Number of protein chains: 2
Amino acid sequence: MLTYSFSDVGSDSLYQYLYKCIKNDILTRNLRAGEKLPSKRSFAKNLGVSVITVENAYAQLISEGYLYSLPKRGFFVSDISMLPPEAAFGQNGPVQSLSDAMKRASMTNPAGKSYPPDTEETAERTTLPGAAHPPDRTNPAGLFDTADRPALLIDLTSNQTDIRNFPFSIWAKLVREILNENQQELVTNPPCGGVLKLRTAIARHLRDFRGIVVAPEQIIMGAGTEYLYGLLIQLLGFDKTYAVEDPGYRKIARIYEKHKVACRHIPMDENGIRISALERSGADVLHLSPSHHFPTGLVTPISRRYELLGWAASSENRYIIEDDYDSEFRMSGNPIPAMQSIDLSEKVVYINTFTKTLASTVRISYMILPRHLAERFYRELSFYSCTVSNFEQYTLARFIENGSFEKHLNRMRSYYHKKRDLLIDRIRKSELNPRALIREENAGLHFILELQTALSDEEVCTRALQKGLRIAALSGFYAQFTPGIEHRFIVNYSALPEEQIDEAIRILCESIG
Amino acid sequence: MLTYSFSDVGSDSLYQYLYKCIKNDILTRNLRAGEKLPSKRSFAKNLGVSVITVENAYAQLISEGYLYSLPKRGFFVSDISMLPPEAAFGQNGPVQSLSDAMKRASMTNPAGKSYPPDTEETAERTTLPGAAHPPDRTNPAGLFDTADRPALLIDLTSNQTDIRNFPFSIWAKLVREILNENQQELVTNPPCGGVLKLRTAIARHLRDFRGIVVAPEQIIMGAGTEYLYGLLIQLLGFDKTYAVEDPGYRKIARIYEKHKVACRHIPMDENGIRISALERSGADVLHLSPSHHFPTGLVTPISRRYELLGWAASSENRYIIEDDYDSEFRMSGNPIPAMQSIDLSEKVVYINTFTKTLASTVRISYMILPRHLAERFYRELSFYSCTVSNFEQYTLARFIENGSFEKHLNRMRSYYHKKRDLLIDRIRKSELNPRALIREENAGLHFILELQTALSDEEVCTRALQKGLRIAALSGFYAQFTPGIEHRFIVNYSALPEEQIDEAIRILCESIG
């Protein structure tokens, strides 16, 4: 049985000391994910302490996400992974109670892998130790731990929306108006594709700002892009072969896996998906993010986009799913036209979301189907009710219609641009600079930081985590072994508070040895 | 080409007359679903009228849902079916524009069939002609049509929430509070199973009111039960054989069909699913609604529930999905314990929704997983983000916590009970009475009305529709031919305004010949 000596307790209380010992073993992986800890009673007996001591230590570890408990089964070690957590980057919900900690302990990261990367897909659990308290106005560093080892302070993998960035007062005003003026519409079931006002507003917005011209009928709303991907499988067919970028946002591959459809991983070059590899793969449906690839940050140039459209047009069975998830945040240069807008063969399904532009928690995404696919959708899948709440749809429609969305986007672009510039400037002025190379910083809300280090990616990430910084390495996102991509780290700065920038850089310096 | 004589125009304008002619042909099925109408120009030329005349006629038909247009393709006849439309009974959104009519025209009914029932599943389109204007406070009968044939007035297939029944002022107050006081939580990603406060509130409610005792961890929130069914297929396996009740809520079978999993239809007797037929079917996962079967209204007695649990417990692969969708509205007698609460073998997945108790448009449902399935879910499917908006979840949590949900339920029970009693009383006092037999009126929001008539079910339904009443026949819900169930009609009174009760009865009288 797990055992500790209490000779070194010092000024800590017994439970604090026990808590630190267990936590340390978890962070250094002496205790492995999923490992069952002793029952409180037997552990107490073995250690020669009271049950209360064990109880308190367990309770704190649970509340911080290091352990979780299953009713009538016991206490288990959470899985700490170096890869970003859920929802484009993860689910960083605050720990509200014991039960919540279990849930968070059970969440898998988008890659579905633990670190170091396995060659096979395994559904490992991931949690965010110490991410119990998201940064807030009064406690920006998230410090809550009295132990000498810091809890997780800074998360460069998170896309957690900052409350300062959600337009609460406008939203509240619109919700009030909707609840007063649109009562009948609110309780009336919308068409399967969603509330028309919202689809019309989105169509207008896309026309004005993205050069995409479609009828509202072609827009299908959904409660998150993951749901839309499942719908697309039902629409395009379980017998198709799907393809994702390698490296890529692992959650897409997981969705295909869970639906038991064939999924290929297509390697990329400096311009995006390799056409020859795509051809060889036998894929029918290609998922990609040409505006801003995750995780590499790469922007697919127009020439490659045309080649891909050519690939799709050469067979009746082929389609492209264009995931435009953060195209609103291009930092510099002209945006390249969406593939949807240059597609003349009705081969491109365009997907976007309000997760990055508004908040992940409103749960509103949409896909644009080319005409013949829209017709098929209405013929075959229209029995599905729309998954997005009417209340949300009408509020968002109004938010877009009255210009608030555009203003909000401008504000956010400015905010992110300023933060990105500040972060890059601080990196360049820091000790990190001689050993740092910044890549792909011109699009979206993340870029790549290549660091000179003799340490492995795992070592760097583990060290950083122990010092209170969570960061993900690019190498963790490759399904197929690819040489030469070590020492590259993904800096997702969207949820990084400005006041933590210097600390983050400092920790990185210390972590690369 | 389609042609009409304008010799009989009378006092109508040319477009009104043309509108009536086309509408009549659609209602009497001279024009079939999906049939393409002539282009405006050629039709005008052929009829000897102006293009404007045709344009106006088409526009009105589109706005009422009889036609739909596809950009650059033309005008098509909507599919009128006798079966209930979407979303437990349907999607009756008001027509907001041309595009909206197309969507509604494209919606399939839950059975996925047109009337009369085919032996094969076909994805036919359904619309609700004339259901463009739902009943409202100022226009309860929904009369908007100046033509002499009434537009559809009364819908006995709809579960459309009445705005008088949604607790707008309480909801608005709670939303305001949430937007003021819970901002951080609102923008923080919840665990994959949903916001803990809500799951805790639901667990407490189920314990107090349904005798179901579960940990919040076992509750998984989802944006509608259809989404949860898809998730369950991924959890339980694509290789399983699924089974539904026959007759049954056809949408469930459609979901299995669209996911390409094997689905059997199990016949019922007067106590519910026939065990012997279930055994013979080789099914692994049985979906049923023991509290209140749709469409028969049958309540599965405790003895049969135990038999079904015995069936499930005899094999490792077997599970029961208990859909408890309107158990809150039992009209008399004691509720029978949910199968979930008497299941000792961890075989029952319990599903419920706020669609009937609150509104279908908030899009909140949940499933309760037995422990080992919950563990599997967290291991394998927790990468999926929760599909329900945080805003909705926190508002609903508060609504339940502060007792408002219980008060609302009491109010709704009372309202529906009163309406049901009134309807049954009016039937008994009407000319319909000698020819009417009422069945299964003690549970939920629908009952069966058996009518003495020499006419076929299709004839009765068509006549009723022409007179402005929409009703569905039980026979349309059987996948397998079953003799002796003709002349039984499903009366869903949940969206029937009191002031329309007598009119509905009058039309039924006239329709049965």
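Residues numbered from 1 in each chain as written. Chains lettered and ligands numbered in written order. Predicted model: local features only at pLDDT ≥ 70, side-chain atom pairs only at ≥ 80, totals over all residues. Heavy atoms only, no water.

## Quick notes on the overall build of chain A
Then step 1. In terms of helices and strands, chain A carries 17 helices and 17 strands.
Then step 2. Within chain A, the fraction of its 513 residues that count as buried is 66%.
Then step 3. Accessible surface, chain A as shown: approximately 17,600 Å² in total, 49% of it carbon and sulfur. (Helix = DSSP H or I, 4+ residues; strand = E, 2+ residues; numbered from the N terminus. Buried < 20%, exposed > 50% of the residue type's maximum accessible area, 1.4 Å probe, protein only. Areas by Shrake-Rupley, 256 points an atom, 1.4 Å probe, with all protein chains shown as cover.)

## Let's talk about the sheet that holds strand β2 (residues 67–70) of chain B
Residue and element names in this part refer to chain B.
Then step 1. With antiparallel pairing, 3 strands are arranged side by side in an open sheet as β1-β3-β2. Every other strand in the sheet has two partners, leaving β1 (36–37) and β2 as the edge strands with one partner each.
Then step 2. Here 2 bridges tie β1 to strand β3 (residues 74–77), and the two strands are oriented antiparallel to one another. Residue pairing in the sheet places L37 in a bridge with F75 of β3. (Pairing = 2+ DSSP bridges.)

## Some remarks on the pattern of salt bridges
Residues and elements named next belong to chain A.
Then step 1. Counting across every chain of the model gives 48 salt bridges over all chains.
Then step 2. Between R304 and E307 there is a salt bridge whose closest N-O contact spans 3.2 Å. Here R304 and its partner E307 are both found in helix α11 (residues 302–313), 3 residues apart, which amounts to about one turn of the helix.
Then step 3. The class for R304 is buried, based on a relative accessible area of 9%.
Then step 4. Several salt bridges converge on common partners, so that one network encompasses K173, E177, E181 and R398. (Salt bridge = Lys/Arg side-chain N within 4 Å of Asp/Glu carboxyl O.)

## Describing the domain arrangement of chain A
In many analyses, interface size is given as the accessible surface area lost on bringing the parts together.
All names here are of chain A.
Then step 1. By domain assignment, chain A separates into domain 1 (14–81), domain 2 (116–122 + 187–402) and domain 3 (136–164 + 407–511).
Then step 2. Spacing between the C-alpha centres of domain 2 and domain 3 amounts to 27 Å.
Then step 3. Taken together, the contact pairs 33 residues of domain 2 with 27 residues of domain 3.
Then step 4. Here domain 2 packs against domain 3, burying approximately 2,600 Å² in sum over the two surfaces, 59% of which is carbon and sulfur.
Then step 5. At the junction of domain 2 and domain 3, the tally comes to 11 residue pairs in polar contact (both at pLDDT 80 or more).
Then step 6. Counted by class, the side of domain 2 that touches domain 3 contains 14 nonpolar, 13 polar and 6 charged residues. (Domains from an automatic or database assignment. Contact = heavy atoms within 4.5 Å. Buried area = accessible area lost by both parts, 1.4 Å probe. Polar contact = N/O pair within 3.5 Å; in protein donor to acceptor, adjacent residues only side chain to side chain. Nonpolar A, V, L, I, M, F, W, Y, C, P; charged D, E, K, R; others polar.)

## Quick look at the nonpolar core
Then step 1. Grouped together as the largest cluster of nonpolar side chains are 150 residues, with contacts concentrated most on A:W171 and B:W171.
Then step 2. Here A:W171 is in contact with A:F166, A:L358, A:V362, A:E392, A:T395, A:L396, A:F399, B:L179 and B:F391, once residues within four sequence places are set aside.
Then step 3. Ranked by size, the runner-up nonpolar core spans 85 residues in total, among them A:V285, A:F477, B:A472 and B:I490. (Core = buried A, V, L, I, M, F, W, Y, C linked by side-chain atoms within 4.5 Å.)

## Concerning the packing of aromatic side chains
Two numbers describe a pair of aromatic rings. These are the distance of the centres and the angle of the planes.
Then step 1. Enumeration according to the criterion identifies 42 aromatic pairs over all chains in this entry.
Then step 2. For the pair A:Y58 and A:F75, a centre-to-centre distance of 4.7 Å together with 55° between the ring planes defines the contact as tilted. With a gap of 17 residues between them, A:Y58 in helix α3 (residues 51–63) and A:F75 in strand β3 (residues 74–77) connect regions that are remote in the sequence.
Then step 3. Its relative accessible area of 14% is what places A:F75 among the buried residues.
Then step 4. Centroid distance B:F294 to B:F477: 5.2 Å. Interplanar angle 85°. Geometry classified as edge-to-face. Here the residue B:F294 occupies a position in the loop between β9 (285–288) and α11 (302–313), and B:F477 occupies one in the loop between β16 (472–473) and β17 (488–492), the gap between them amounting to 183 residues. Each member of the pair, B:F294 as well as B:F477, carries the same accessibility label: buried.
Then step 5. By the ring-pair criterion, three or more aromatic residues cluster together here, those being A:F166, A:F168, A:W171, A:Y350, A:F354, A:Y366, A:F399, A:F405 and B:F391. (Phe/Tyr/Trp six-rings, centres within 6.5 Å; stacked < 30°, edge-to-face > 60°.)

## Focus: the sheet that holds β3(A)
Residues and elements named next belong to chain A.
Then step 1. One open sheet holds the 3 strands; their spatial order is β1-β3-β2, and the pairing between them is antiparallel. Lying at the two open borders of the sheet, with one neighbouring strand each, are β1 (36–37) and β2 (67–70).
Then step 2. The pairing of β2 with β3 spans 4 bridges and is classified as antiparallel. When the sheet's bridge partners are listed, L67 is paired in β3 with V77.

## Section: the packing of helix α8 (residues 225–236) of chain B against helix α9 (residues 250–258) of chain B
Residues and elements named next belong to chain B.
Then step 1. Axis separation between α8 and α9 bottoms out at 10 Å; the angle between their running directions is 40°. Put simply, α8 runs oblique to α9. Relative to α9, the crossing made by α8 is right-handed. Of the residues in α9, those in contact with E226, Y229 and I233 of α8 are K251, I252, I255 and Y256.
Then step 2. Partitioning the contact of α8 with α9 into residue classes produces 5 nonpolar, no polar and 2 charged. (Axes fitted to C-alpha atoms, helices over the stretch in contact; angles between N-to-C directions. Parallel < 35°, antiparallel > 145°, perpendicular 65-115°, else oblique. Left-handed = near helix turned anticlockwise from the far one by under 90°.)

## A few points about α8(B)
Residue and element names in this part refer to chain B.
Then step 1. When the terminal C-alpha atoms of α8 are compared, their 16 Å separation across 12 residues agrees well with the 16 Å that a helix rising 1.5 Å per residue should span.
Then step 2. Along α8, the residues that are buried comprise T225, E226, Y227, L228, Y229, G230, L231, L232, I233, Q234, L235 and L236.
Then step 3. At the C-terminal side of α8, G237 shows a positive phi close to 120°. (Expected span 1.5 Å × (residues − 1).)

## Remarks on unusual backbone geometry
Residues and elements named next belong to chain A.
Then step 1. Cis geometry is found at the peptide bond from F294 to P295, where omega equals 5°.
Then step 2. Considering the arrangement of structural elements, one finds P295 in the loop between β9 (285–288) and α11.
Then step 3. Here K260, not a glycine, exhibits a phi torsion of approximately 60°, which is positive.
Then step 4. Position of K260 among the secondary structure elements: in the loop between α9 (250–258) and β7 (262–269).

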